[in-house]
Amino acid sequence: ETGVTQTPRHLVMGMTNKKSLKCEQHLGHNAMYWYKQSAKKPLELMFVYNFKEQTENNSVPSRFSPECPNSSHLFLHLHTLQPEDSALYLCASSQGSGGVYNEQFFGPGTRLTVL
Amino acid sequence: SQQGEEDPQALSIQEGENATMNCSYKTSINNLQWYRQNSGRGLVHLILIRSNEREKHSGRLRVTLDTSKKSSSLLITASRAADTASYFCATPTGGSYIPTFGRGTSLIVHP
């Protein structure tokens, strides 16, 4: 739909599990983002990668670990999560620091439930 | 920190009516963007307006920007049930290229 894909679309995990979320963009962008969206809260920026370098980490707990092996792929590794981490996790991409206006293209999201 | 704030938080209208939602922001910007999100899905970019523009149109969408009041409005004319979604404004914070999103306006269009 938007050139940004996310897998899986739905994930249920226990607090002791380890899982990973994957994001891939086919738009030739240089920046990729992870957002967390919880009910009745603003979209929370978690991590930003620009040209494969992490440029933003908004005080995200260490149980969330991002990985950006190249400009097209972004992962979010999850371990020992808490029930309050249940949310919709959105990946986005944009031109990055070289672009002026940086319209963001979002993936469909992964609905995460932590039991 | 949150830059933009949409108003109202929720809006319920009948099909065919116009829907207007507003966004206020705190610091100077070089652009403002509006996005739509259907329930449980990713956000979709609708329109970008630059700081030197006052009004922009895209189909049934009309966006205005008043930099003196630090506010923007999104007007959807002749609304349809398919317009039911949440609408977000996004503005870059400080000198960053990264847009910051508000809480959104939840629009329901009744058929």
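Just above sits the structure.
The following paragraphs examine the structure supplied in this document. Along each chain, residue indices are assigned from 1 in the same order as the chain's sequence is written. As a convention, the first chain written is A and the first ligand written is 1, with the rest following in written order. In keeping with the predicted nature of the model, local features appear solely for residues at pLDDT of at least 70, side-chain atom pairs appear and are counted solely at 80 or more, and the whole-chain, interface and lining totals rest on all residues. To get the side-chain values, all heavy atoms of the structure are used, and hydrogens and water are removed first.

Observations regarding the overall build of chain A
Elements are defined by DSSP. Helices are runs of H or I of four residues or more, strands are runs of E of two residues or more, and each kind is numbered from the N terminus. A tally of regular secondary structure across chain A gives zero helices and 11 strands. Buried positions account for 49% of the 115 residues belonging to chain A. For accessible areas, the Shrake-Rupley method is used with a probe of radius 1.4 Å. Any residue's cover is judged against the shown protein chains and nothing else. Within the structure as shown, chain A displays about 5400 Å² of accessible surface, and the carbon and sulfur contribution to it stands at 50%. Positive charge is attributed to Lys and Arg, negative charge to Asp and Glu, and no charge count is given to His or to the chain ends. In plain terms, the charge of a residue is placed at NZ if it is Lys, CZ if Arg, CG if Asp and CD if Glu. A distance of 8 Å separates the average location of the 10 positive side-chain charges in chain A from that of its 9 negative side-chain charges. Summary of the burial criterion: residues with accessible area below 20% of their type's maximum are buried, those above 50% are exposed, and those between are partly exposed, where the area comes from a 1.4 Å probe applied to protein chains only.

A short note on the side chain of A:Asp85
Residue and element names in this part refer to chain A. Position of Asp85 among the secondary structure elements: in the loop between strand 8 (73–79) and strand 9 (87–94). Judged by its relative accessible area of 2%, Asp85 is buried. Polar contact is defined as a pair of N or O atoms within 3.5 Å, subject to the rule that within protein one atom must be able to donate a hydrogen and the other to accept it, and that residues adjacent in sequence are counted only when both atoms are side-chain atoms. Looking at Asp85, its side chain comes within polar contact range of the side chain of Arg63, at 2.7 Å. In this structure the side chain of Asp85 is engaged in a polar contact, spanning 2.7 Å, whose partner is the backbone nitrogen of Gln82.

A word on the layout of surface pockets
Residue and element names in this part refer to chain B. Using a 1 Å grid laid over the protein atoms alone, points where a 1.4 Å probe fits but cannot get out form a cavity; open sets with protein on both sides within 12 Å along at least 5 of 7 lines form a pocket; any residue with an atom within 4 Å of a point counts as lining. Grid points are joined across faces, edges and corners, and a volume is the space filled by probe spheres set on the points. In this model, the largest pocket occupies a volume close to 560 Å³. Among the secondary structure elements, those contributing two or more residues to the lining of the largest pocket are strand 9 (85–92) and strand 11 (105–110). A total of three residues in the lining of the largest pocket trace back to one element, the largest contributor, which is strand 9. A class-by-class count of the residues in the lining of the largest pocket yields five nonpolar, 11 polar and four charged. The residue classification treats Ala, Val, Leu, Ile, Met, Phe, Trp, Tyr, Cys and Pro as nonpolar and Asp, Glu, Lys and Arg as charged. All others, Gly included, are polar.

Some points on the pairing of strand 7 (residues 64–70) of chain A
All names here are of chain A. In this structure, strand 7 lies alongside strand 8, joined through five bridges in antiparallel fashion. For Ser65, the partnering residue across the bridge sits in strand 8 and is His77. Connecting the antiparallel pair strand 7 and strand 8 is a turn made up of two residues. Here a strand pair is declared whenever DSSP counts at least two bridges between the two strands.

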